[in-house]
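Each chain, letter by letter, is given below.
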Amino acid sequence: MRETEVLVVGGGPAGLSAAIEAASFGAKVTLMDSDLALGGQLIKQTHKFFGSKNERAGTRGFKIAEELFKELKEREENIETFTNCTVTGYYKEDGVVSCVKGEDEYFHVKPKKIVMATGAQERIIPFPNNHLPGVYGAGAVQTLMNVYGVVPGERVLMVGAGNIGLIVSYQLMQAGVKVVGIVEAMNKIGGYWVHAAKVRRLGVPIYLRHTVKEAIGDRFVEGAVIQEIDEKFQPTGNEKKLDVDIICLAVGLTPTCELLWQAGCKMSFVPQLCGYVAQRDKNMRTSHPDIWVAGDAAGIEEASSAMVEGRIAGLGVVKALGYGAPEEIQGRLEEYHMRLADLRGGEVGAKIREGIALCSVESWEV
Amino acid sequence: MDEKEKLFNSGILTGERKGAIKPPKELWETKKNGLVVIECPQRIPCNPCHTSCPTGAVKPFEDINDQPQIDYEKCTGCARCVAVCPGLACFVIDLTWGAEDKALIKLAYEMLPTPEEGQVVDCLNRFGEPVAKGKVVKITEPMKDKTLVVHVEIPKDLVMDIRAIRVV
Ligand SMILES: Cc1cc2nc3c(=O)[nH]c(=O)nc-3n(C[C@H](O)[C@H](O)[C@H](O)COP(=O)(O)OP(=O)(O)OC[C@H]3O[C@@H](n4cnc5c(N)ncnc54)[C@H](O)[C@@H]3O)c2cc1C
Ligand code: SF4
Ligand code: SF4
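Residues numbered from 1 in each chain as written. Chains lettered and ligands numbered in written order. Predicted model: local features only at pLDDT ≥ 70, side-chain atom pairs only at ≥ 80, totals over all residues. Heavy atoms only, no water.

### Notes on the domain arrangement of chain A
Residue and element names in this part refer to chain A.
Right, on to step 1. Taken domain by domain, chain A holds domain 1 (2-121 + 253-359) and domain 2 (124-249).
Right, on to step 2. Contact residues are listed per partner, giving ten residues for domain 1 and 13 residues for domain 2.
Right, on to step 3. When residues of domain 1 are sorted by the area they lose upon contact with domain 2, K44, H47 and F50 head the list and together hold 54% of the total.
Right, on to step 4. Viewed at the interface, domain 2 and domain 1 are joined by zero salt bridges.
Right, on to step 5. Connecting domain 1 to domain 2 are seven residue pairs in polar contact (both at pLDDT 80 or more).
Right, on to step 6. Partitioned by chemical class, the residues of the side of domain 1 that touches domain 2 number five nonpolar, three polar and two charged. (Domains from an automatic or database assignment. Contact = heavy atoms within 4.5 Å. Buried area = accessible area lost by both parts, 1.4 Å probe. Salt bridge = Lys/Arg side-chain N within 4 Å of Asp/Glu carboxyl O. Polar contact = N/O pair within 3.5 Å; in protein donor to acceptor, adjacent residues only side chain to side chain. Nonpolar A, V, L, I, M, F, W, Y, C, P; charged D, E, K, R; others polar.)

### Re helix α1 (residues 13-24) of chain A
Residue and element names in this part refer to chain A.
Right, on to step 1. Compared with the 16 Å implied by 1.5 Å per residue over twelve residues, the 16 Å span of α1 between its first and last C-alpha is a close match.
Right, on to step 2. Most of α1 sits inside the fold, with eleven of its twelve residues counted as buried.
Right, on to step 3. Those residues of α1 that fall on the buried side of the exposure criterion are P13, A14, G15, L16, S17, A18, A19, I20, E21, A22 and A23.
Right, on to step 4. Positive backbone phi, approximately 100°, marks G26, located one or two places after α1. (Helix = DSSP H or I, 4+ residues; strand = E, 2+ residues; numbered from the N terminus. Expected span 1.5 Å × (residues − 1). Buried < 20%, exposed > 50% of the residue type's maximum accessible area, 1.4 Å probe, protein only.)

### A short note on the interface of chain A and chain B
Right, on to step 1. Counting from both sides, the interface comprises 33 residues of chain A and, opposite them, 44 residues of chain B.
Right, on to step 2. Between chain A and chain B lies a buried interface of about 3100 Å² when both sides are counted; carbon and sulfur atoms form 56% of it.
Right, on to step 3. At the surface where chain A touches chain B, the tally comes to three salt bridges.
Right, on to step 4. Residue B:R43 is joined to A:E347 by a salt bridge in which the shortest nitrogen-to-oxygen separation is 2.4 Å.
Right, on to step 5. Across the contact surface, chain A and chain B share 17 residue pairs in polar contact (both at pLDDT 80 or more).
Right, on to step 6. Contributions of two or more residues to the side of chain A that touches chain B are made by α4 (163-174), α5 (193-200) and β11 (206-208) of chain A.

### Regarding the site of ligand 3
Right, on to step 1. Around ligand 3, the structure places A:F50, B:I38, B:C40, B:C46, B:P48, B:C49, B:C85, B:P86 and B:C90.
Right, on to step 2. More than one chain reaches ligand 3: the nearby residues come from chains A and B.
Right, on to step 3. Looking at the shell around ligand 3, its residues break down into nine nonpolar, no polar and no charged. (Near = heavy atom within 4 Å.)

### A closer look at the pairing of strand β5 (residues 96-101) of chain A
Residue and element names in this part refer to chain A.
Right, on to step 1. Most of β5 is tucked away: five of the six residues are buried.
Right, on to step 2. Connecting strand β4 (residues 85-91) to the antiparallel partner β5 that follows it, the hairpin turn spans four residues, and G95 within it adopts a positive phi of roughly 70°.
Right, on to step 3. Here five bridges tie β5 to strand β6 (residues 105-116), and the two strands are oriented antiparallel to one another. Opposite V100, over in β6, you have Y106 as the bridge partner.
Right, on to step 4. Between β5 and β6, which pair antiparallel and follow one another directly, the connecting turn spans three residues, one of which, G102, has a positive phi of 60°. (Pairing = 2+ DSSP bridges.)

### What about helix α9 (residues 350-359) of chain A?
An α-helix turns once every 3.6 residues. As a result, residues three or four positions apart point the same way.
Residue and element names in this part refer to chain A.
Right, on to step 1. Taken together, the buried positions of α9 are occupied by I352, G355, I356 and C359. The arc that holds every buried residue of α9, seen down its axis, measures 95°, which confines them to one face. Facing away from the buried side of α9 by over 90 degrees, the exposed positions are A357 and L358.
Right, on to step 2. Turning to α9, the residues buried within the fold contact β17 (267-270) and β18 (275-278). (Arc of directions from axis to C-beta.)

### Observations regarding the packing of helix α3 (residues 138-147) of chain A against α4(A)
All names here are of chain A.
Right, on to step 1. At a minimum axis separation of 10 Å, α3 and α4 run at an interaxial angle of 30°. Between α3 and α4, the crossing angle belongs to the class labelled roughly parallel. When you trace α3 past α4, the crossing you get is left-handed. In contact with A138, V141, Q142, M145 and N146 of α3, α4 contributes I164, V168, Q171 and L172. (Axes fitted to C-alpha atoms, helices over the stretch in contact; angles between N-to-C directions. Parallel < 35°, antiparallel > 145°, perpendicular 65-115°, else oblique. Left-handed = near helix turned anticlockwise from the far one by under 90°.)

### Some details on a nonpolar patch on the surface
Right, on to step 1. A cluster of nonpolar side chains, A:L36, A:V147, A:Y148 and A:V150, forms an exposed patch at the surface whose accessible area comes to about 370 Å².
Right, on to step 2. Following the sequence through the fold, A:L36 ends up in the loop between β2 (29-32) and α2 (61-74). (Patch = residues over 30% accessible without salt bridge, like charges linked within 9 Å, V, L, I, M, F, W, Y side chains within 5 Å. Areas by Shrake-Rupley, 256 points an atom, 1.4 Å probe, with all protein chains shown as cover.)

Structure below.
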């Protein structure tokens, strides 16, 4: 059976950062991603990121991915990469991991340590006909457009005015697709105000306190009905039919944590982090002594924080494996913890801080 | 909630707010090359407008979540902030430009098709409604990152309305 020191599951910003950091201390890393290419969400982010200069604010997401790929390449003697390769199971009895490469190449790996950086899954909401072709998650639309260069349709209803809904609306317009409207159940956009202003001034209406009532169509989406709702989310009776061929759902993400459940990690339901997440110590180790977690899989946040968490998890792993000088590792850890605290400072970070407090343990040693 | 607040909550600026104020009238009317107009009224973790400003006109942020504050005396209208702001919230407006009833707006443009110098485009207000025609005077790509800064001649009385263009 194949063996490795560190298995990193997921090659998004969190997994890439974990692999780079662990390999920089000499650990032998295997990095697996189910996608055809590495980069996770980053490779479809054509917009400029927020944040501070340290976290590459003002740089487009896919450019940040390119910088990470470069770092990965510099450490290639220590990192073996598998793409189109899904980790499908974890066997608690002996710590063996099962994987599928492509359609049918099935194999096992036995890692000493694992970093789970599996990212997030998109939520969907129930409404009549939501099974019709033409109802997409916002992430899928982004992949189609920005990775494969395919426009999903001609006229879009966006459901949800959080940052993802607003940003994907803007990117749809960049691709020449008409965004007919954005509906938002709350009485206020959930994303950054500047992102909303950006789509508004290009003529896209944002309907607050509205939701999608149903999709119209027989074999595919031929329209949508939206309806107004009150503070208790009950329909007021005001409805409007929109001529659209795409309904794009941007109603939130939830951490991908099946493997963590299989491994028996202690999990908590934390609404602020958008679902079930593994309890972790300061250096991202779960209750399982050989498993770390990082990025959206540890709670829905941002690429900027995912990268720092990945680096912290990578350091936690090398420390446990006995690589590197303890003072050097400690120094780097302190720096990364400071960066995380900066990223999570202020009002916008308050929810994340609360959430993390709910699933953090001081230490797993008794 | 009143109508104004509702509009604001959907991404339309209604009146001045912290992080979204007009430059002082007198300085603005005489400053060649224009002054920055930033519309970033919400506290968000972002500061490239400050870190990229070559003159220090966007004052240092005490906390990265602060709204931008401006020292107009220092602003040269260079439009670097226009090019870097990820929220496309920075504009430069030059009231000294051209004929008496004209002004120049420098705004970020990331759509297709790309306008050409000399072309007449639709000027849109904050709702995206066309409110005037404007002539494209100049196009630059300061950061060489595909975000264009387009200089458009617009009617002076609409400088606080026009915030986007559509190439027709
Ligand atoms: C529209 C949009 C805009 C955004 N804008 C910003 C922004 O401006 N600034 C910012 O900081 N963040 C932004 N983000 C958030 C950011 O993209 C994510 O927080 C970040 O990508 C999370 O990184 P990650 O590595 O945890 O997960 P991901 O990037 O999701 O990567 C996870 C990877 O794991 C792989 N994987 C999952 N399960 C398995 C398995 N079982 N086996 C093998 N591989 C697996 C997946 O294929 C994927 O490649 C945005 C997100 C979206 C959708
Ligand atoms: S226009 Fe130039 S000088 Fe003025 S605030 Fe922007 S970057 Fe600074
Ligand atoms: S760079 Fe733009 S979005 Fe960021 S704080 Fe400055 S004005 Fe606001």
